[in-house]
Structure formats: structure tokens, C-alpha cells
Amino acid sequence: MKFIDTHSHLYSSEFDSDRILIIKEAISNGVSTILLPNISSKYTKGMLKICNEFPKNCFPMMGLHPCDVNKDNIDHELFHVEQELAKGKYIAVGEIGLDLYWDKTKLEIQKKAFIHQIEIAKKYKLPIAIHVRDSFAEAVEIIEKLNDENLRGVFHCFTGSVEDAQRVINLGGFYLGVGGVLTFKNSGLDKTIAAIELQYLVLETDAPYLTPTPFRGTRNESKYIVNIAEKLAEVHQIEIEDVAKITTINAKKLFGL
Ligand SMILES: [Zn+2]
């Protein structure tokens, strides 16, 4: 079985002591492709180093995360995103979006960065990896306005309702990223995901965060994608082999792999 982890922060300092081992373990567990979303210019070098060391397995994205946008850095950071994307070695623009969980006063500046990066993605015909937290309605509304035949992407770590999922599917070319939250006992996400066809789902860990059951409380790793796939198979009452097959096809299609 082969899996694609569509969202993993392998360059995070949490992996400084054993990064190579972690990647090799993921690959030997069938997670042969790992996609790395960026956060800000601070992480670009570390992210590219990993992708250069594992050119057949690890692929970088370029983008400015909403939690890292502020009025002092926005111009410089967006310039960095544009400059890097012009080099043509990135598979997506991400992760980008809106996050109102920590600070609601940053909505306008986050919107500015989000819209700008969607426009760049359209220019380069690249998919977008979207981060939303307490801001699904605001984010999906922006995408609905800017949507066209060049725009496609994934709502990473989707935790919304069936109605939210339907709104994403209606965009056309958009997928829902399913991660560790699906395995959490009281998340209720299993009921939502059960109602959504597998053809709209891709797998992700968001490592080192959101570790699936039974490893909660420890660092998340890309190899745990298998545990998320097991849960997805249970929820949809199908074989894990089919989950691997379908979600891999979806991710390949979305990211042009
Ligand atoms: Zn992330």
C-alpha cells in the first residue's frame, strides 16, 4: 500500500534530532510521498534542504501562513513567496488562509495576504493548501469570489459540517484534508466524513501536530498516516487498501504528482 501525506511540517525543530530517520521510517511504512507546506520565509531553507535530500519523496509548497502575517512583514513576506514561486520548483501555494482563533483583529491583513496568494496561485496554475480556524465562512466566501478554472486546492485539516463540506465540493477541484482529528473520540468528525464521498478526500498528518489515536500526546509523524487511513476505512466501511488507492489518486490529481 502506498500513501501520500499531503501536509507535514518535517522542517519543524521538533524533528531536529532524528529527521532523516523519521522520513525513512515513513517511506518504509508506505508513506512514499510527503508534501511540505511552508509557514514563512524563516522555514524556506530548511524545507528545501529536506526536499533536496529526498527528491523522489518530499515536495515543497510556498506560502505565508495566516498566523505569521502582520503589518510589518506582509510586504517582505509576500515578495519572498513570489520570488520563490517564480523559480518553478513548488507543487502548491500553501499554507495560506485565515485564522481568527488567536487574534480576531488581524482579519483584514490576513485577508489581504490570502487574496494576494490566491491570485499568485492562479497565475502559476498551482493548487492552494488552505488553513482555516474559526474562519471557514470568511475563507470559503473569498474563494467563491475568486474561483475560476485555474483555481483548485485543499481545505487542510477539515473539521467542518456536512454543509461546509458540500460548499467546498461545489467549488469544483477542491478537496478536504483528513487528519488525526478523525481519530479523536469526541470530535464528531467521523459522522461528517462518513457522509462525504472518498473521491473528495486526501490524507494528511499535519506533523508534528494533531497526533492520531493511539499516539495522542506524543509528536506526530508522517508514518501515522496509516492510522488515519485505518479510521477512514472503518468510517466508510471499506478496506484500507481502497482508502490508500483512492486518496493517492486524489492527491496525485490535485498536486499534479
Ligand atoms: Zn500546517
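What you see is a predicted model; the values in this text were computed from it and never measured.

1. What about the sheet that holds strand β1 (residues 3–5)?
And step 1. Pairing within the open sheet is parallel, and its eight strands lie in the order β1-β2-β3-β4-β5-β6-β7-β8. The two strands at the open ends of the sheet, each matched to only one other strand, are β1 and β8 (201–203). For this sheet the average axis-to-axis angle between neighbouring strands, irrespective of direction, equals 30°.
And step 2. The pairing of strand β6 (residues 153–155) with strand β7 (residues 174–178) spans three bridges and is parallel. Looking across to β7, one finds that V154 is bridged to Y175.
And step 3. Relative to the sheet, helix α3 (residues 74–85) contacts β3 (58–62) and β4 (92–99), its axis offset from that of β3 by approximately 135°.
And step 4. Against the sheet, helix α8 (residues 225–236) engages β1, β2 (31–36), β7 and β8, with an angle of about 150° to β8.

2. Structural notes on the packing of helix α4 (residues 107–124) against helix α5 (residues 136–146)
When two helices pack together, their arrangement is given by the angle between the helix axes and the distance between those axes.
And step 1. One way to put it is that α4 packs onto α5 with a least axis distance of 11 Å and a crossing angle of 35°. Relative to α5, the crossing made by α4 is right-handed. Touching K111, F114, I115, I118, E119 and K122 of α4 are A139, I142, I143 and L146, all from α5.
And step 2. A per-class count over the contact of α4 with α5 returns seven nonpolar, no polar and three charged.

Basis of the calculations
- Residues numbered from 1 in each chain as written.
- Predicted model: local features only at pLDDT ≥ 70, side-chain atom pairs only at ≥ 80, totals over all residues.
- Heavy atoms only, no water.
- Pairing = 2+ DSSP bridges.
- Helix = DSSP H or I, 4+ residues; strand = E, 2+ residues; numbered from the N terminus.
- Axes fitted to C-alpha atoms, helices over the stretch in contact; angles between N-to-C directions.
- Contact = heavy atoms within 4.5 Å.
- Left-handed = near helix turned anticlockwise from the far one by under 90°.
- Nonpolar A, V, L, I, M, F, W, Y, C, P; charged D, E, K, R; others polar.

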